[in-house]
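Each chain is listed here by its residues.
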Amino acid sequence: MAPEPLEPEQIPACIRENVQEFSEEISKVGGLMLELLSEALGLAANHLKEEMGCAEGMGLACNYYPHCPQPELALGITHHTDIGFITILSQDHVGGLQVVHRGHWVNVPPVLEALVVNMGDMLQVHV
């Protein structure tokens, strides 16, 4: 989605307007997160964003999982780390996000109208 946005025709018409608006707004949030992370690391506010170019690329993945009447039988994405710099996730009311805490998978309850920010592998490598 960045630095060069997709051509509108590459996005399904039924979600095109929402994807374009979301991409613009989440880019702003991502930029702010990079500034705050820079400052938290004792660096100039523009360090990660401008000095290191960490805002040069953005991907957008939309996943839709319909309600499952027997979730214990469902297979989701296998356990993984986020390979990018940061991941900004918007959950719906269904949830499904889990994290490992003290060796056990724990559900992350969705908070409507909130964003989950995951620090990715690239942030750990750069810092």
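The shown structure was predicted, so the numbers you read here are calculated from the model rather than taken from an experiment.

1. Digging into the overall build of the protein
Counting its regular elements, the protein contains 3 helices and 4 strands. Put simply, the protein runs from its N terminus to its C terminus through helices and strands in the order α-α-β-β-β-β-α. In the protein, which comprises 127 residues, the proportion classed as buried is 15%. The long-range share in the protein, meaning contacts at least 24 apart out of those at least 6 apart in sequence, stands at 56%. Total accessible area computed for the protein in this model is approximately 9800 Å², and 57% of it derives from carbon and sulfur atoms. Taking the average place of the 4 positive charges on the side chains of the protein and the average place of its 17 negative ones, the gap between the two points comes to 4 Å.

2. Examining helix α1 (residues 16-40)
Each full turn of the α-helix corresponds to 3.6 residues, which orients residues three or four apart in the same direction. The end-to-end C-alpha separation of α1 is 36 Å, in line with the 36 Å expected for 25 residues at 1.5 Å each. Burial in α1 covers these residues: Val 19, Ser 23, Ile 26, Gly 30, Gly 31, Met 33, Leu 34, Leu 37 and Ser 38.

3. Examining a negative patch on the surface
Judged by side-chain charge, Glu 35, Glu 39, Glu 50 and Glu 51 come together as a negatively charged surface patch. Along the chain, Glu 51 turns up in helix α2 (residues 47-51). Judged by its relative accessible area of 57%, Glu 51 falls in the exposed class.

4. Some words on unusual backbone geometry
The phi dihedral of Arg 102 is positive, around 55°, even though this residue is not glycine. Take Arg 102: its relative accessible area is 76%, and that puts it in the exposed class. Residues other than glycine seldom take positive phi values, yet Glu 113 does so here, at roughly 65°. On the secondary structure map, Glu 113 appears in the loop between β3 (104-107) and β4 (116-119). Residue classification places Glu 113 among the exposed positions, given a relative accessible area of 87%.

5. Thoughts on the nonpolar core
One finds Met 33, Leu 34, Leu 37, Leu 48, Cys 54, Phe 85, Ile 86 and Leu 123 forming the largest nonpolar core, which totals 8 residues. Ranked by residue count, the leading element in this core is α1, at 3 residues. Sequence-distant contacts of Leu 48, defined by excluding residues within four places in its chain, comprise Leu 34, Leu 37, Ser 38, Leu 41, Gly 53, Cys 54 and Phe 85.

6. Focus on the side chain of Asp 82
Summarising the element assignment, Asp 82 is placed in the loop between α2 and β1 (86-89). Lacking a salt bridge, the buried Asp 82 has Arg 102 as its closest oppositely charged neighbour, with an N-O distance of 21 Å. Residue contacts for Asp 82: discarding those within four places in its chain leaves Thr 87, Asn 118, Gly 120 and Asp 121.

7. Details of the pattern of salt bridges
What the rule picks out here adds up to 1 salt bridge. Among the salt bridges present, the one from Glu 25 reaches Lys 28, with a minimum N-O distance of 3.3 Å. With Glu 25 and Lys 28 both in helix α1 and 3 residues apart, the pair spans about one turn of that helix. By relative accessible area, Glu 25 is classed as partly exposed at 40%.

Each value, and the rule that gives it
Residues numbered from 1 in each chain as written. Predicted model: local features only at pLDDT ≥ 70, side-chain atom pairs only at ≥ 80, totals over all residues. Heavy atoms only, no water. Helix = DSSP H or I, 4+ residues; strand = E, 2+ residues; numbered from the N terminus. Buried < 20%, exposed > 50% of the residue type's maximum accessible area, 1.4 Å probe, protein only. Contact = heavy atoms within 4.5 Å. Areas by Shrake-Rupley, 256 points an atom, 1.4 Å probe, with all protein chains shown as cover. Lys, Arg positive; Asp, Glu negative; His and termini not counted. Charge placed at Lys NZ, Arg CZ, Asp CG, Glu CD. Expected span 1.5 Å × (residues − 1). Patch = residues over 30% accessible without salt bridge, like charges linked within 9 Å, V, L, I, M, F, W, Y side chains within 5 Å. Salt bridge = Lys/Arg side-chain N within 4 Å of Asp/Glu carboxyl O. Core = buried A, V, L, I, M, F, W, Y, C linked by side-chain atoms within 4.5 Å.

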